[in-house]
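Listed below, chain by chain, are the residues.
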Amino acid sequence: GEGDITNLITACEECNAGKSNVALSDDAAITKRKAQLDTLQERREQVEMMAQWQLELINQKEEQLNTICSLWESRVKAYSPNERGKNTLRKLMNKYSIAEIMQAIETSCSQYLDFVNDSPTKESVDMSFSKISGVCIVNRMSLEIPDIKELYYICGIVNNKFYSVKKYEAMDLLKQASAIGYSVEDLKDIALSEKTWNYWKEAMRKLLKGGD
């Protein structure tokens with residue numbers, strides 16, 4: 001083409017190869033540019049949509065958190081979760097359903113709240129709140145191990161009765177014994193009859209090996 005300025009404008013390799021000897025005034029370049037702009041706009045809309053979705057998800061979780069806090073406040077009256085307590089509940093919400101957490105609150109309050117003049121004591125409120133996570137764990141485990149609550153109760157007997165108890169080891173032995181068919185009553189009797197932590201462990205290991 002001619003050596004005028006409109007024919008000397010640089011283009012990317014792709015555009016230049018596609019243009020060949022077509023003049024820049026041809027609408028092919030404009031059409032291609034419009035397609036690129038349409039793609040950019042589509043991507044921008046997708047990003048905005050994802051941001052809006054994320055915001056709505058956060059708002060929904062906060063609404064669920066408020067529902068959980070309302071249940072807690074209805075049980076403990078004057079005590080509302082502070083920001084640290086809310087963060088604890090948010091972490092639980094990442095692991096458990098709202099129904100599971102609310103059930104755990106009901107269980108924890110029923111078991112650990114103490115009242116004076118119809119008002120729960122601060123110590124029992126703190127205790128109840130700290131137990132919510134553990135109750136969630138036990139309730140979830142009970143779906144796989146129906147006797148898990150009773151096994152934790154027996155573990156508590158062992159822990160209170162003996163010195164230097166390793167709870168994780170005690171629970172592991174109890175779970176194994178339960179899995180091979182020993183009843184809760186059998187395991188409770190052993191916990192009550194043995195005199196030391198080591199004697200109890202030996203008795204449990206004997207059970208697991210098939211001894212009487």
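Residues numbered from 1 in each chain as written. Predicted model: local features only at pLDDT ≥ 70, side-chain atom pairs only at ≥ 80, totals over all residues. Heavy atoms only, no water.

**Q** Whenever I open this one, the packing of helix 5 (residues 122–141) against helix 6 (residues 148–161) confuses me. Can you help?
**A** A pair of packed helices is captured by two measures, namely the crossing angle of their axes and the spacing between those axes. Direction vectors running N to C along helix 5 and helix 6 enclose 130°, while the axes themselves pass 8 Å from each other. Our classification of the angle between helix 5 and helix 6 gives oblique. Contact residues: Val138, Asn139 and Met141 in helix 5; Ile148, Lys149 and Tyr152 in helix 6. Per-class residue counts for the contact of helix 5 with helix 6 are four nonpolar, one polar and one charged. (Axes fitted to C-alpha atoms, helices over the stretch in contact; angles between N-to-C directions. Helix = DSSP H or I, 4+ residues; strand = E, 2+ residues; numbered from the N terminus. Parallel < 35°, antiparallel > 145°, perpendicular 65-115°, else oblique. Contact = heavy atoms within 4.5 Å. Nonpolar A, V, L, I, M, F, W, Y, C, P; charged D, E, K, R; others polar.)

**Q** Sorry, what's going on with the packing of aromatic side chains here?
**A** Given two aromatic rings, their pairing is described by the distance between the two centres and the angle made by the two planes. As enumerated under the stated definition, the model contains two aromatic pairs in all. Their ring planes at 75° and their centres at 5.2 Å tell us that Trp72 and Phe129 sit as a pair that is edge-to-face. In this pair, Trp72 sits in helix 2 (residues 27–76) while Phe129 sits in helix 5, placing the two residues 57 residues apart along the sequence. Pair check on accessibility: Trp72 and Phe129 agree, each one buried. With a centroid separation of 5.7 Å and 15° between ring planes, the pair formed by Trp197 and Trp200 is classed as stacked. (Phe/Tyr/Trp six-rings, centres within 6.5 Å; stacked < 30°, edge-to-face > 60°. Buried < 20%, exposed > 50% of the residue type's maximum accessible area, 1.4 Å probe, protein only.)

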